[in-house]
Amino acid sequence: MRFLHVTAFLLDGHCLGKHNTALIICAFLTCLGMTFLILACAVPTPKIFYPFFVLLFYALSVLPVFIAKRTTPVNETNPKTEFALFLTAGMVLSAFALPIVLAHSAVITWTACTLTLISNVINYATIFGYAMHDEEQYGSMF
């Protein structure tokens, strides 16, 4: 019971702060998403690590927006920013399409595909939620 009181005190923002609380929630959700991804590799058929390829999309999907936000003025949209958002959307779509294609071609099972898609939803929702945490046009993470 004491643990719940301390956790509620920490997450309420009295001890930590709103930014640190959001960071803790993002870390928890990322761990949850990665757990589903590990389960996708281990549970249906052991030693099939193809679902881990979506990690490349997790890492690469933020790079175009990161580069575009560093090279453009604040709150200005231009073709470079729009193209970066287009590339990011393509990578997110590819992360969802890859497990479906692998399951359709019988490389992984449909259970592994489902677990990978759950992981994608959790991890991309976490990335999007953290990026849109502040009130800037495309988020303040970048």
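Definitions and cut-offs
Going along each chain's sequence as written, the residues are numbered from 1 onward. Local features in a predicted model are, by the rule used here, given only for residues with pLDDT of at least 70; side-chain atom pairs are given and counted only at 80 or more, and totals for whole chains, interfaces and linings are based on all residues. Computation of side-chain values: all heavy atoms of the structure, hydrogens and water removed. Each helix corresponds to a stretch of at least 4 residues labelled H or I by DSSP, and each strand to a stretch of at least 2 residues labelled E; elements are numbered beginning at the N terminus. Partly exposed describes any residue whose relative accessible area lies between the buried limit of under 20% and the exposed limit of over 50%, with all areas from a 1.4 Å probe on protein chains only and scaled to the type maximum. Between two residues, a contact is recorded if the distance between any of their heavy atoms is within 4.5 Å. UniProt positions are given in the numbering used here, feature names are shortened, and annotations may be inferred rather than shown by experiment. Axis lines are fitted to C-alpha atoms, over the contacting stretch for helices. Their N-to-C directions set the angle, which ranges from 0 to 180 degrees. Any angle that is under 35 degrees is reported as roughly parallel, and any over 145 degrees as roughly antiparallel; angles of 65 to 115 degrees are reported as roughly perpendicular and all others as oblique. If you view the pair so one helix is near and one far, a crossing is left-handed when the near helix is turned anticlockwise from the far one by less than a right angle, and right-handed when it is turned clockwise. Throughout this entry, Asp, Glu, Lys and Arg are counted as charged residues, while Ala, Val, Leu, Ile, Met, Phe, Trp, Tyr, Cys and Pro are counted as nonpolar. The remaining residues, Gly among them, count as polar. Multiplying 1.5 Å by the residue count of a helix minus one yields the expected span of that helix. The aromatic pairing rule takes the rings of Phe, Tyr and Trp, using the six-membered ring of Trp, and pairs them if the centres are within 6.5 Å, calling planes under 30 degrees apart stacked, those over 60 edge-to-face and the rest tilted. Take the buried residues of types Ala, Val, Leu, Ile, Met, Phe, Trp, Tyr and Cys, join any two whose side-chain atoms come within 4.5 Å, and each joined set is a nonpolar core.

Colleague: Outline the overall build of the protein chain, listing residues and values.
Modeller: Along its length, the protein chain carries six helices and zero strands. Listing every helix and strand of the protein chain by position from the N terminus yields α-α-α-α-α-α. Evaluated residue by residue, the protein chain yields a buried proportion of 28% over its 142 residues. For the protein chain, the share of sequence-separated contacts (at least 6 apart) that also reach a separation of at least 24 residues comes to 60%.

Colleague: Can you lay out the UniProt feature "transmembrane region" (unreviewed entry) in the protein chain for me, pointing to particular residues and giving the numbers?
Modeller: Per the UniProt record, "transmembrane region" (unreviewed entry) is found at residues 21–42, 48–67, 83–102 and 108–132. Annotated as 88% helix and 0% strand, the span residues 108–132 places its first and last C-alpha atoms 34 Å apart.

Colleague: I'd like a rundown of the packing of helix α4 (residues 63–71) against helix α5 (residues 79–104), residues and numbers included.
Modeller: Orientation of α4 relative to α5, taken along the N-to-C sense of each, is 165°, at an axis distance of 8 Å. If you check the angle between α4 and α5, you find them roughly antiparallel. In this structure, the crossing between α4 and α5 has a hand that is left-handed. Here α4 contributes Pro64, Val65, Ala68 and Thr71 to the contact with α5, which in turn contributes Lys80, Thr81, Ala84, Leu85, Leu87, Thr88 and Met91. Of the residues belonging to the contact of α4 with α5, the class tally is seven nonpolar, three polar and one charged.

Colleague: I'd like a description of helix α6 (residues 110–131), backed by residues and values.
Modeller: With 22 residues, α6 ought to run about 32 Å at 1.5 Å a step, and its terminal C-alpha atoms sit 31 Å apart, in line with that. Among the residues of α6, those classed as buried are Ala112, Cys113, Leu115, Thr116, Ser119, Asn120, Ile122, Asn123, Tyr124, Thr126 and Ala131.

Colleague: So, unusual backbone geometry: which residues are in play, and what are the values?
Modeller: In the Ramachandran plot, Lys47 falls in the positive-phi region, its phi being about 65° despite a non-glycine side chain. Summarising the element assignment, Lys47 is placed in the loop between α2 (18–42) and α3 (54–60). For Ala106, which is not glycine, the phi dihedral falls at a positive 65°. Given a relative accessible area of 66%, Ala106 falls into the exposed group.

Colleague: Hey, could you go over the packing of aromatic side chains for me, with residue numbers and the actual values?
Modeller: Under the definition given, this model contains five aromatic pairs. On the basis of an interplanar angle of 15° and a centroid distance of 6.3 Å, the ring pair of Phe49 and Phe52 is categorised as stacked. Here the aromatic cluster, defined as three or more aromatic residues joined through ring pairs, consists of Tyr58, Phe96 and Tyr124.

Colleague: Describe the nonpolar core, listing the residues and the values that go with them.
Modeller: Counting residues in hydrophobic clusters, the biggest one holds seven residues: Ala40, Leu102, Ala103, Ile108, Ala112, Cys113 and Leu115. Elements represented by at least two residues in this core include exactly α5 and α6. Looking at which element gives the most residues to this core, the answer is α6, with three residues.

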